[in-house]
Amino acid sequence: HGALAALFLVCTSAYKAVVIDPADVGGGNVLKVWGDMMGNDKELSYRNECLRSGLPDELEKALSLTTRDRILVVACHACQHLTEEVVDISCNYGVHV
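Residues numbered from 1 in each chain as written. Predicted model: local features only at pLDDT ≥ 70, side-chain atom pairs only at ≥ 80, totals over all residues. Heavy atoms only, no water.

**Regarding the overall build of the chain**
Move 1: Within the chain one finds 4 helices and 2 strands.
Move 2: From first element to last, N terminus to C terminus, the chain shows the α and β order α-β-α-β-α-α.
Move 3: Taken over the C-alpha trace, the chain has a radius of gyration of 13 Å; the compact-globule value for 97 residues is 13 Å, and the two agree within 12%.
Move 4: With respect to the three principal axes, the spread of C-alpha positions in the chain is 35 × 30 × 20 Å.
Move 5: A separation of at least 24 residues holds for 72% of the contacts in the chain among residues at least 6 apart in sequence.
Move 6: Accessible surface, the chain: about 6,300 Å² in total, of which carbon and sulfur atoms supply 54%. (Helix = DSSP H or I, 4+ residues; strand = E, 2+ residues; numbered from the N terminus. Rg over C-alpha atoms; globule rule 2.2 N^0.38 Å. Contact = heavy atoms within 4.5 Å. Areas by Shrake-Rupley, 256 points an atom, 1.4 Å probe, with all protein chains shown as cover.)

**Regarding helix H4 (residues 80–93)**
Move 1: Between its first and last C-alpha atoms H4 spans 20 Å; for 14 residues at 1.5 Å apiece the expected length is 20 Å, and the two agree.
Move 2: If you check which residues of H4 are buried, you get Val86, Ile89, Ser90 and Tyr93. For H4, the angular spread of the buried residues around the axis is 95°, confining them to a single face. For H4, the exposed residues lying more than 90 degrees away from the buried face are Gln80, His81 and Asn92. (Expected span 1.5 Å × (residues − 1). Buried < 20%, exposed > 50% of the residue type's maximum accessible area, 1.4 Å probe, protein only. Arc of directions from axis to C-beta.)

**Brief notes about the nonpolar core**
One broad trend across soluble globular proteins is that nonpolar side chains are buried collectively.
Move 1: The biggest cluster of nonpolar side chains holds 9 residues, and these are Leu51, Leu55, Leu59, Ile71, Val73, Val86, Ile89, Tyr93 and Val95.
Move 2: Counting residues per element, the ones that place at least two in this core are helix H3 (51–65) and H4.
Move 3: Ignoring any residue separated from it by four or fewer positions in sequence, one finds Leu51 in contact with Ile20, Pro56, Leu82, Glu85, Val86 and Ile89.
Move 4: Membership of the second largest hydrophobic core comes to 8 residues, among which are Leu9, Ala17, Val19 and Met38. (Core = buried A, V, L, I, M, F, W, Y, C linked by side-chain atoms within 4.5 Å.)

**A few points about the pattern of salt bridges**
Move 1: Within this structure, the stated rule accounts for 6 salt bridges.
Move 2: Linking Lys61 and Glu58 is a salt bridge whose minimum nitrogen-to-oxygen distance equals 3.8 Å. Taken together, the residues Lys61 and Glu58, both in helix H3 and 3 residues apart, mark about one turn of the helix.
Move 3: Taking the relative accessible area as the measure of exposure, Lys61 reaches 42% and is therefore partly exposed.
Move 4: Residues joined by salt bridges that share partners form a network here, namely Arg47, Glu49, Asp57, Glu58 and Lys61. (Salt bridge = Lys/Arg side-chain N within 4 Å of Asp/Glu carboxyl O.)

**Section: the layout of surface pockets**
Move 1: For the largest pocket, the calculated volume is near 1,300 Å³.
Move 2: Taken together, 40 residues form the lining of the largest pocket, with Val18, Val19, Leu72, Val73 and Val74 sitting closest to its centre.
Move 3: Taken together, the elements giving at least two residues each to the lining of the largest pocket come down to helix H1 (3–11), strand S1 (16–21), H3 and H4.
Move 4: Within the lining of the largest pocket, the residues separate by chemical class into 27 nonpolar, 6 polar and 7 charged. (1 Å grid on protein atoms, 1.4 Å probe; cavity = no way out; pocket = protein on both sides within 12 Å on 5 of 7 lines; lining within 4 Å. Points joined across faces, edges and corners; volume = space filled by probe spheres on them. Nonpolar A, V, L, I, M, F, W, Y, C, P; charged D, E, K, R; others polar.)

Here you go:
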């Protein structure tokens, strides 16, 4: 968990990525592998929480720092119902999904 987020940080102008998952998945292995490629100006963090509460809160934080057109929400390994929730939440905030 987090490799896709790290890939976005390495390959795009994104400077922050948050992995939201109710499972405790942020053991640090992704940062060990990808950290040098991301550089010191990029941030990868983990939020051990349900996306129904974690995603809206993260979007509120992001919108206080940047504009909607700079925010991208990506769902990975999400079933149909989770994908629908991610899309609905993201669209309600007017960000890219």
